[in-house]
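Examining the three-dimensional arrangement
The primary structure of each chain is shown beneath.
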Amino acid sequence: MKKRISIRNIEDSGLKELVMRYSFDTYKTEDKEAENVVKKAKEFIAAKAPGFVIMGQSGSGKTHICTAICSKLIEDGWKTRYFLWRTDSAIMKSIVNEGDRYRRELNRLRNVPVLYIDDLFKGSITEADVNLAFAILNERYNAENKRTIISTELTINQLIGIDEATAGRIAEMAKGFIVKAPSKNWRFEA
């Protein structure tokens, strides 16, 4: 029964395809930076901390490690939702004037036990992006028993430059679990 629930949770999360490719076992740990990423990710899972953030360049394994974390949390019974910022934020912004529908979708993001935001603020950033990020993260910041996992190409200082309130909530939620991905684009490896 636990296995069936886990499979259903993987399907419901939106991570089904990624979970099949990305795990802790397949994450390359060729250097100390990569070893630290895995160490911090596993510590985050064990600590039941509210937030985990990984920052780094494109192709550095951010999505890989976050998917591995989510997979383990799903296996442990946590309902999880995957939110690909560039695609899903555009959908949310397109329905902002649809009252009930927007609130329903926003509440799903606010209330899911584990939310994984992949590539936060990827692309051009508008006031609507800032408002959406704050609306999601402020609610999660104040909630108990919720975990938020974020990958981004931006640094904390760059996030502060976009919106100090959102960056502050991210930093506090992920205190002790903000890591830098290795400075290598694995997609160009043979």
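Residues numbered from 1 in each chain as written. Predicted model: local features only at pLDDT ≥ 70, side-chain atom pairs only at ≥ 80, totals over all residues. Heavy atoms only, no water.

1. As for the environment of Lys-79
Formally: Only DSSP runs of H or I covering at least 4 residues are called helices, and only runs of E covering at least 2 are called strands; the numbering of each starts at the N terminus.
Position of Lys-79 among the secondary structure elements: in the loop between α4 (62–75) and β2 (80–84). Separated by 36 residues in sequence, Lys-79 and Leu-115 place their C-alpha atoms 8.7 Å apart.

2. A short note on the packing of aromatic side chains
The following threshold applies: Stacked, tilted and edge-to-face pairs are distinguished by plane angle, under 30 degrees for stacked and over 60 for edge-to-face with tilted covering the rest, among Phe, Tyr and Trp rings (Trp via its six-membered ring) whose centres lie within 6.5 Å. The cut-offs for exposure are 20% and 50% of the maximum accessible area for each residue type, with area from a 1.4 Å probe on protein chains only; residues under the lower value are buried, those over the upper are exposed, and the others partly exposed.
This structure, assessed with the given rule, holds five aromatic pairs. Pairing Phe-44 with Phe-52 gives two aromatic rings, centres 5.5 Å apart and planes at 50°, and the pair type is tilted. Summarising the burial analysis for this pair, Phe-44 and Phe-52 share the class buried. Note on Tyr-82 and Tyr-116: the rings are 5.2 Å apart at their centroids and 50° apart in plane angle, and the pair reads as tilted. Of this pair, Tyr-82 sits in strand β2 while Tyr-116 is found in strand β3 (residues 114–118), placing the two residues 34 residues apart along the sequence.

3. Re helix α7 (residues 127–141)
Under the convention used in this document: Here the expected span of a helix is defined as 1.5 Å times the quantity of residues minus one.
A rise of 1.5 Å per residue sets the reference length of α7, with its 15 residues, at 21 Å; its end C-alpha atoms lie 20 Å apart and thus fit the reference within 8%. The complete set of buried residues in α7 reads Asp-129, Val-130, Leu-132, Ala-133, Ala-135, Ile-136, Leu-137, Asn-138 and Arg-140.

4. A closer look at helix α9 (residues 164–173)
Selection criterion: For this quantity, the arc is that covered by the directions from the helix axis to the C-beta atoms. Between two residues, a contact is recorded if the distance between any of their heavy atoms is within 4.5 Å.
Looking only at α9, the buried set comprises Thr-166, Ala-167, Ile-170 and Met-173. Seen end-on, α9 carries its buried residues on one side only, within an arc spanning 135°. Looking at the buried residues of α9, the elements they touch are β1 (51–55), α7, β4 (147–152) and α8 (156–162).

5. Digging into the state of the cysteines
To keep things clear, this is the line we draw: Whenever a pair of cysteine sulfur atoms sits within 2.5 Å, that pair is classed as a disulfide.
Scanning the model with the defined rule gives zero disulfides in all. Left unpaired, Cys-66 is separated from the closest cysteine sulfur, that of Cys-70, by 6.8 Å.

6. Side note on the packing of helix α3 (residues 32–47) against α4
The test is simple: Interaxial angle, 0 to 180 degrees, is taken between N-to-C directions of lines fitted to C-alpha atoms, where a helix line uses only the stretch in contact. Working definition: roughly parallel below 35 degrees, roughly antiparallel above 145 degrees, roughly perpendicular at 65 to 115 degrees, and oblique for all remaining angles. For any pair of crossing helices, the crossing counts as left-handed if the nearer helix is rotated counterclockwise from the farther one by less than a right angle, and right-handed if it is rotated clockwise. Basically, the charged four are Asp, Glu, Lys and Arg, the nonpolar ten are Ala, Val, Leu, Ile, Met, Phe, Trp, Tyr, Cys and Pro, and anything else, Gly included, counts as polar.
For the pair α3 and α4, the least separation of the axes is 10 Å and the interaxial angle reads 30°. The angle between the axes of α3 and α4 places the two elements in the roughly parallel class. Seen from above, α3 lies across α4 with right-handed handedness. Residue-level contacts link Val-37, Val-38, Ala-41, Phe-44 and Ile-45 of α3 to Ile-65, Ile-69, Lys-72 and Leu-73 of α4. Along the lines of polarity and charge, the residues of the contact of α3 with α4 split into eight nonpolar, no polar and one charged.

7. Thoughts on the pattern of salt bridges
Side-chain pairs of opposite charge can arise where the charged atoms are in close proximity. In plain terms, the rule: Any carboxyl oxygen of Asp or Glu within 4 Å of a side-chain nitrogen of Lys or Arg constitutes a salt bridge here.
In the structure shown here, the tally under the stated rule is eleven salt bridges. Close ionic contact of Lys-39 with Glu-43 constitutes a salt bridge, the shortest N to O distance being 3.3 Å. Of this pair, Lys-39 and Glu-43 both sit in helix α3, four residues apart, which is roughly one turn of the helix. The salt bridge involving Asp-129 is made with Lys-93; its shortest N-O contact spans 2.8 Å. Here Lys-93 lies in helix α5 (residues 85–94) and Asp-129 lies in helix α7, a separation of 36 residues in the sequence. Residues participating in the shared-partner salt-bridge network are Lys-39, Lys-40 and Glu-43.

8. Things to note about the pairing of β1
Quick note on the threshold: We treat two strands as partners when DSSP finds at least two bridges between them.
Buried residues dominate β1, accounting for five of its five residues. Of the two faces of β1, the one holding Gly-51, Val-53 and Met-55 and the one holding Phe-52 and Ile-54 are both buried throughout. Taken together, the five bridges between β1 and β4 define a ladder with parallel strand orientation. From the neighbouring strand, Phe-52 faces β4, where its bridge partner is Ile-149. Bridge analysis of β1 against strand β5 (residues 178–180) gives three bridges, and the strand direction is parallel. Paired with Val-53 across the strands is Ile-178, a residue of β5.

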